[in-house]
Amino acid sequence: MLTVENVNLHYGAAQALRSVSLNAPMGKITCVLGRNGVGKSSLLRAITGQHPVSGGTVSFDGKSLNGMAPFNRARQGVGYVPQGREIFPLLSVKENLETGFAPLKRKDRTIPDDIFSLFPVLESMLARRGGDLSGGQQQQLAIGRAMVTRPKILVLDEPTEGIQPSIIKDIGRAIRYLRDSTGMAILLVEQYLDFCRELADHVYIMDRGEIVHQGAAETLDTPEARRHLTV
Ligand SMILES: Nc1ncnc2c1ncn2[C@@H]1O[C@H](COP(=O)(O)OP(=O)(O)OP(=O)(O)O)[C@@H](O)[C@H]1O
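Everything numeric in this text was worked out from a predicted model, so none of it was measured.

Criteria and cut-off values
Residues numbered from 1 in each chain as written. Predicted model: local features only at pLDDT ≥ 70, side-chain atom pairs only at ≥ 80, totals over all residues. Helix = DSSP H or I, 4+ residues; strand = E, 2+ residues; numbered from the N terminus. Rg over C-alpha atoms; globule rule 2.2 N^0.38 Å. Buried ≥ 20, exposed ≤ 12 C-beta atoms within 10 Å, placed from the backbone. UniProt positions renumbered as here; feature names shortened; annotations may be inferred. Pairing = 2+ DSSP bridges. Axes fitted to C-alpha atoms, helices over the stretch in contact; angles between N-to-C directions. Contact = placed C-beta atoms within 7 Å. Near = placed C-beta within 6 Å. Nonpolar A, V, L, I, M, F, W, Y, C, P; charged D, E, K, R; others polar.

### Quick notes on the overall build of the protein
Next up, step 1: Helix and strand counts for the protein stand at 9 helices and 10 strands.
Next up, step 2: Over its C-alpha trace the protein gives a radius of gyration of 17 Å, about what one expects of a compact globule, namely 17 Å for 231 residues.
Next up, step 3: Seen through its principal axes, the protein has C-alpha atoms that stretch 45 × 35 × 30 Å.
Next up, step 4: When the 231 residues of the protein are sorted by exposure, 41% land in the buried category.

Shown next, in the form of structure tokens:
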């Protein structure tokens with residue numbers, strides 16, 4: 001289980017996370033919702049080690065990740081699908097997938113077949129440049145690249161952003177498959193309420209750097225939850 005306890009994060013003098021605590025258990029999909037700019041990406045930066053925390057602890061299976069470089073967190077099993085995908089545009093689809101080999105031992109450097117059963121389009125485009133793919137295909141590639149690292153927890157930053165509905169469905173199906181087939185923990189941040197309501201086992205809502213609500217996915221329909229999500 002991934003545990004975040006009382007985490008603070010600052011950009012200079014500006015505080016983006018205020019004593020944030022949450023759990024992402026194995027075999028469950030945990031969603032963090034919130035409007036623009038409430039600190040969702042900052043939370044994922046604290047978890048993946050892209051930005052240092054100024055207080056509190058991030059731990060995985062009881063082991064603190066604080067102070068550990070992103071590369072070493074990947075070795076511990078933290079897979080990351082960043083906002084905006086961050087595909088290498090000049091590398092082929094195959095080469096983009098192979099960038100996921102970096103944290104793996106030499107004998108484990110293979111591309112798992114289930115990437116292509118989940119996202120057949122990637123197999124048919126293996127030789128194409130990443131930059132030639134549509135936004136939705138790039139999102140599938142970014143998830144595939146994270147799967148190559150054999151994560152124990154998969155962290156996704158707004159996987160539906162700018163993506164057409166048919167591909168959003170494929171991505172939802174893939175996330176469910178990963179939870180059910182591997183028992184990994186999945187933590188995703190989103191602004192798309194319906195996607196989270198359908199997918200999540202547990203939801204948190206953030207507002208101005210704090211967790212202001214948590215509960216089962218159905219609790220997103222309560223007036224109290226809605227109040228934190230409407231603009
Ligand atoms: N590199 C940075 N330097 C300074 N301030 C930042 C930086 N990144 C984010 N912020 C600020 O921190 C706050 C939280 O931003 P964050 O990106 O975590 O929010 P978010 O909920 O992910 O928003 P979005 O949905 O737009 O990605 C915002 O006020 C933002 O302006």
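### Re the UniProt feature "domain: ABC transporter" (unreviewed entry) in the protein
Next up, step 1: UniProt's feature table lists "domain: ABC transporter" (unreviewed entry) at residues 2-231, given in the numbering used throughout.
Next up, step 2: Annotated as 34% helix and 27% strand, the span residues 2-231 places its first and last C-alpha atoms 30 Å apart.

### Thoughts on unusual backbone geometry
Next up, step 1: For Ser19, which is not glycine, the phi dihedral falls at a positive 45°.
Next up, step 2: For Ser19, the position within the fold is in strand 2 (residues 14-24).
Next up, step 3: Even without being a glycine, Arg150 presents a positive backbone phi close to 50°.
Next up, step 4: Structurally, the position occupied by Arg150 is in the loop between helix 6 (135-148) and strand 7 (153-157).
Next up, step 5: Residue Arg150 is classed as partly exposed on the basis of its C-beta count, with 16 C-beta atoms lying within 10 Å.

### As for the sheet that holds strand 6 (residues 78-81)
Next up, step 1: Judged by pairing direction, the sheet is mixed, and its 6 strands sit side by side in the order 6-7-8-3-9-10 without closing on themselves. Of all the strands in the sheet, the pair left with one neighbour each is strand 6 and strand 10 (210-215). Taken pair by pair, the neighbouring strands of this sheet meet at an average axis angle of 20°, ignoring direction.
Next up, step 2: As paired strands, strand 3 (residues 29-33) and strand 9 (residues 202-207) are joined by 4 bridges and run parallel to one another. Pairing of Thr30 across the sheet is with His202, part of strand 9.
Next up, step 3: Packed on one face of the sheet, helix 1 (residues 40-48) meets strand 3, strand 6, strand 7, strand 8 (185-190) and strand 9 and runs near 150° to strand 7.
Next up, step 4: Packing against the sheet, helix 6 makes contact with strand 6 and strand 7, and its axis sits at approximately 170° to strand 6.

### Quick notes on the site of the ligand
Next up, step 1: The environment of the ligand is formed by Tyr11, Ala14, Ala16, Gly34, Asn36, Gly37, Val38, Gly39, Lys40, Ser41, Ser42 and Gln83.
Next up, step 2: It is helix 1 that contributes the most residues to the shell around the ligand, 3 residues altogether.
Next up, step 3: The residue makeup of the shell around the ligand, split by class, is 4 nonpolar, 7 polar and 1 charged.

### Here we look at the environment of Arg197
Next up, step 1: Positionally, Arg197 belongs in helix 8 (residues 193-199).
Next up, step 2: When the C-alpha positions of Arg197 and Ala217 are compared, they lie 5.1 Å apart, and in sequence the two are 20 residues distant.
Next up, step 3: Excluding residues that lie within four positions of it along the chain, Arg197 makes contacts with Ala217 and Leu220.

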